[in-house]
Amino acid sequence: MDIFTDGLTAARTTMGFSLGFHIIFAAIGMVMPFFMATSHYFYLKTGYRSYLALTRMWSKGVAILFATGAVSGTVLSFELGLLWPGFMKHAGAIIGMPFSWEGTAFFLEAIAIGIFLYGWDKIPGWWHWASGVMVGISGLASGIFVVAANSWMNTPAGFDWVDGVAVNVDPIAAMFNKHWFQQALHMTLASFEAVGFVVAAIHAYLLLRGSSPRLNAQALRIALTFGAVAALLQPLSGHLSAQKVAENQPAKLAAMESHFTTQKGAPLLIGGIPDEETQTVRYGIEIPGALSFLAFNDFQAEVKGLDQFPKADWPKVAYVHFAFQIMVGIGTFLALVGALFLFKTYIRKGHWSRPLLWLIVSCGSLGFIALEAGWIVTELGRQPWIIYGIMRTSEAVSAIPGLGIHLVIFIFVYGFVALFCLLLLYRLIRSYQKPQGTPYAS
Amino acid sequence: MLVDIIGIISFVALILYILFGGADYGAGILELFRFHNNVKDEQEKLITDSMGPVWEANHIWLILLIVILFNGFPLMFVTISNALHIPLVAILLGIIVRGVTFTYRHYDTDERLNRFYTWSFALSSLWTSIWLGVAVGGAVLGRIDPLATTAYELYVAPWDNAFSFAVGLFVSCLFAFLASAYLIGEAETLRMKKFFSRRAVASNVASIATGGLVFLTAHWENYPLAKEFFTNSHSMAMIGVATVFTLLLVFFRMRKTASRILIPGIVMAIILGFYFVHAPAIVSTKQGYLTLANTAAPEATLRQLLIALLVGLVLVLPSLGLLIWIFKFRKTATYRIKS
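Residues numbered from 1 in each chain as written. Chains lettered and ligands numbered in written order. Predicted model: local features only at pLDDT ≥ 70, side-chain atom pairs only at ≥ 80, totals over all residues. Heavy atoms only, no water.

1. Remarks on empty space enclosed by the protein
The gaps left among the atoms become clear once a water-sized probe is rolled over them.
Moving on, step 1. Tallied over the entire structure, the rule returns three cavities of 30 Å³ or more.
Moving on, step 2. For the largest cavity, the calculated volume is near 160 Å³.
Moving on, step 3. Lining the largest cavity are 16 residues, with A:Val71, A:Thr74, B:Glu56, B:His59 and B:Ile95 sitting closest to its centre.
Moving on, step 4. Broken down by secondary-structure element, the contributors of at least two residues to the lining of the largest cavity are helix H3 (49-83) of chain A together with helix H1 (2-32), helix H2 (40-72) and helix H4 (85-107) of chain B.
Moving on, step 5. The biggest single contributor to the lining of the largest cavity is H2(B), with six residues.
Moving on, step 6. Residues that form the lining of the largest cavity fall into these classes: 11 nonpolar, three polar and two charged.
Moving on, step 7. Estimated volume of the second largest cavity: approximately 130 Å³.
Moving on, step 8. As for the second largest cavity, its lining consists of 16 residues, and the residues nearest its centre are A:Leu117, A:Tyr118, B:Gly52, B:Glu56 and B:Thr103.
Moving on, step 9. Counting only elements with at least two residues in the lining of the second largest cavity, the list comes to H3 and helix H4 (85-118) of chain A together with H2 and H4 of chain B.
Moving on, step 10. A breakdown of the residues in the lining of the second largest cavity according to their chemical character gives 11 nonpolar, four polar and one charged. (1 Å grid on protein atoms, 1.4 Å probe; cavity = no way out; pocket = protein on both sides within 12 Å on 5 of 7 lines; lining within 4 Å. Points joined across faces, edges and corners; volume = space filled by probe spheres on them. Helix = DSSP H or I, 4+ residues; strand = E, 2+ residues; numbered from the N terminus. Nonpolar A, V, L, I, M, F, W, Y, C, P; charged D, E, K, R; others polar.)

Have a look at this one:
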């Protein structure tokens with residue numbers, strides 16, 4: 001197998017796997033505290049016990065997931081050096097700044113979560129609520145800082161590259177690189193969307209089963225309101241991101257769209273199977289001029305194809321293309337479901353019908369699939385570069401033999417962690433359900 | 001100048017990680033040694049209750065140190081990451097296991113799973129502290145050789161020696177010693193206080209023994225640690241402090257304040273003792289010493305790092321103070337949860 005013979009493949013797989021695992025917990029850590037604080041707010045306002053139970057249940061979930069995310073995040077901070085010493089030797093000094101701010105934000109989050117989780121009967125209500133909000137704000141901030149560090153790899157800034165050494169380092173310019181805002185916005189919305197839909201799916205399922213209708217209805221309403229609003233805003237943010245990518249990483253855009261030949265009035269490709277060898281796409285649907293319009297606000301604009309780049313600089317077209325299609329497809333679908341939910345809940349103000357609840361249940365993991373697919377587009381689309389246009393991933397990798405073993409150990413350990421975590425969450429949720437006997441009826 | 005200030009902040013962060021994070025490791029290690037079944041549950045509950053609120057915060061010091069290292073001193077970070085790859089991976093595995101099992105144990109009500117979590121937590125605490133010590137031993141011994149040609153010399157030889165593992169054992173004993181100090185103060189019953197003070201004595205004796213082992217193995221590995229240590233007047237002064245504190249501890253170990261000043265005091269004296277021998281070097285390689293000064297990032301980076309650290313500390317320290325005040329000092333006026 002490749003991972004046992006080729007250090008680069010092993011290192012990339014390990015990094016991808018560790019990030020893919022951590023992102024789930026990071027997204028939850030950024031978003032769940034806001035759900036929790038909203039429920040807590042309603043409890044303090046109304047005094048309904050069901051909101052209290054919901055807040056407590058969610059806060060325990062946050063604690064479990066935060067603890068898991070904290071360790072998987074620690075792993076990543078070490079892995080930067082363990083797997084990519086060639087990268088960190090140069091990049092550490094340039095992009096350390098967002099990391100040091102992220103460290104601060106994460107520290108505040110860890111303190112706030114301690115106060116919130118253990119402070120139930122120790123501090124007065126609204127102060128306690130404020131500590132919960134602090135968990136959310138600092139979590140969000142730490143996520144944004146880390147994404148800024150990632151976006152620097154896509155649009156490097158704040159240094160001059162002279163003979164393989166970075167000079168004139170400007171950490172502020174590096175942090176506020178060309179993509180930082182679009183990427184941070186897209187990731188923040190994606191987190192709200194993914195977490196909102198998965199939490200909503202769990203509670204919709206419990207509603208359908210007829211357990212604790214009040215608690216689960218309140219939970220569904222809070223979670224999916226956040227999720228649906230994010231899902232409706234996400235296409236706009238995606239459009240902004242695509243325009244930035246078109247401008248700064250044309251090879252990535254070309255791979256996302258399987259756009260092999262440079263042309264004016266480039267069509268938008270939906271679906272299709274790209275073939276790198278023949279540089280053709282089979283079975284795709286083309287919308288004439290749409291890609292030019294989306295990328296440059298002009299139906300006749302020229303969009304660079306992969307033919308403008310040496311083949312050694314191509315990302316893996318098929319992977320990037322499929323991941324992009326999955327992300328956009330799911331994003332569109334969830335925006336529609338979100339709109340339907342908001343319409344039914346806030347305009348019609350009626351009961352949710354059973355089919356709507358089943359629809360929500362079936363959307364459960366889609367948000368996270370889209371989120372992971374989006375990261376695959378970002379990361380694989382940047383390849384073969386680790387610092388876009390400056391340093392190749394193959395130049396950065398550690399030379400240590402046996403990285404494949406490293407990967408296998410981490411898959412094994414993370415697999416166990418995920419298993420125990422799910423088991424614990426399952427039991428936690430179940431302990432808060434009181435069967436009512438009558439299934440939810442619309 | 002910039003390097004010095006950042007160095008001082010890092011050193012303080014390191015001390016805080018050792019004192020707080022170290023006590024967390026030690027609590028896990030103490031859970032391994034429970035011969036008296038009748039205190040088992042009480043011990044577990046005490047550890048969970050007293051460590052729970054500060055658990056996550058205690059471990060951020062490590063992340064802070066890593067960030068300072070790779071931002072401000074990338075060359076040192078890369079050298080350590082390469083040469084100590086294997087011990088660092090071992091540390092990470094330990095951190096994963098103990099980080100999740102400590103929290104999962106708190107929230108899981110299933111008894112069999114809880115036993116599994118407790119054992120995993122205890123074993124991984126010992127495992128991680130040993131490997132932390134191995135990494136430190138490997139960093140100071142001087143066998144790191146980035147220019148070596150074989151994988152063994154590059155990635156294994158730096159830490160594959162008796163000295164590094166002796167440091168690992170020594171660190172574990174110190175952590176257990178710190179934990180006992182902390183738990184004596186937390187214990188509410190006389191029985192538990194006595195229990196932990198016996199643990200303090202045992203881990204103190206073990207620390208002295210493994211500390212001797214560190215000097216002995218250093219001698220075997222041709223590292224003149226003892227000579228450097230006992231000819232350095234600052235280090236000797238620290239030994240003096242540690243000895244006086246240990247004697248005082250014999251009489252006052254059951255008192256909360258005394259145990260909480262003396263035991264961390266002893267540990268700090270030991271760290272400072274080694275620091276004076278080794279400073280300003282942090283990592284010794286075959287090609288020479290790596291210090292903060294000779295691995296520092298460009299000035300612009302250091303300036304931003306210092307600003308981030310200062311702003312961070314201004315935000316973090318009061319919050320941390322608030323956290324500790326709420327859970328450790330505030331006489332609880334219990335707030336009723338309205339229903």
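2. Overview of the environment of A:His259
Residue and element names in this part refer to chain A.
Moving on, step 1. Tracing the backbone through its elements, the reader meets His-259 in the loop between helix H9 (250-256) and strand E3 (263-264).
Moving on, step 2. Overall, His-259 belongs to the buried group, its relative accessible area being 5%.
Moving on, step 3. In this structure the C-alpha to C-alpha distance between His-259 and Leu-422, which are 163 residues apart in sequence, comes to 41 Å.
Moving on, step 4. Leaving out residues up to four positions away in the same chain, His-259 has contacts with Ala-254, Ala-266, Leu-291, Val-303, Lys-304, Gly-305 and Leu-306. (Buried < 20%, exposed > 50% of the residue type's maximum accessible area, 1.4 Å probe, protein only. Contact = heavy atoms within 4.5 Å.)

3. Focus on the confidence of the model for chain A
Moving on, step 1. Summarising the model, chain A shows a mean pLDDT of 87, and 98% of its residues fall at 70 or more.
Moving on, step 2. For chain A, the element scoring lowest by mean pLDDT is helix H1 (residues 2-5) of chain A, at 75; helix H7 (residues 180-209) of chain A scores highest, at 93. (pLDDT = per-residue confidence, 0-100.)

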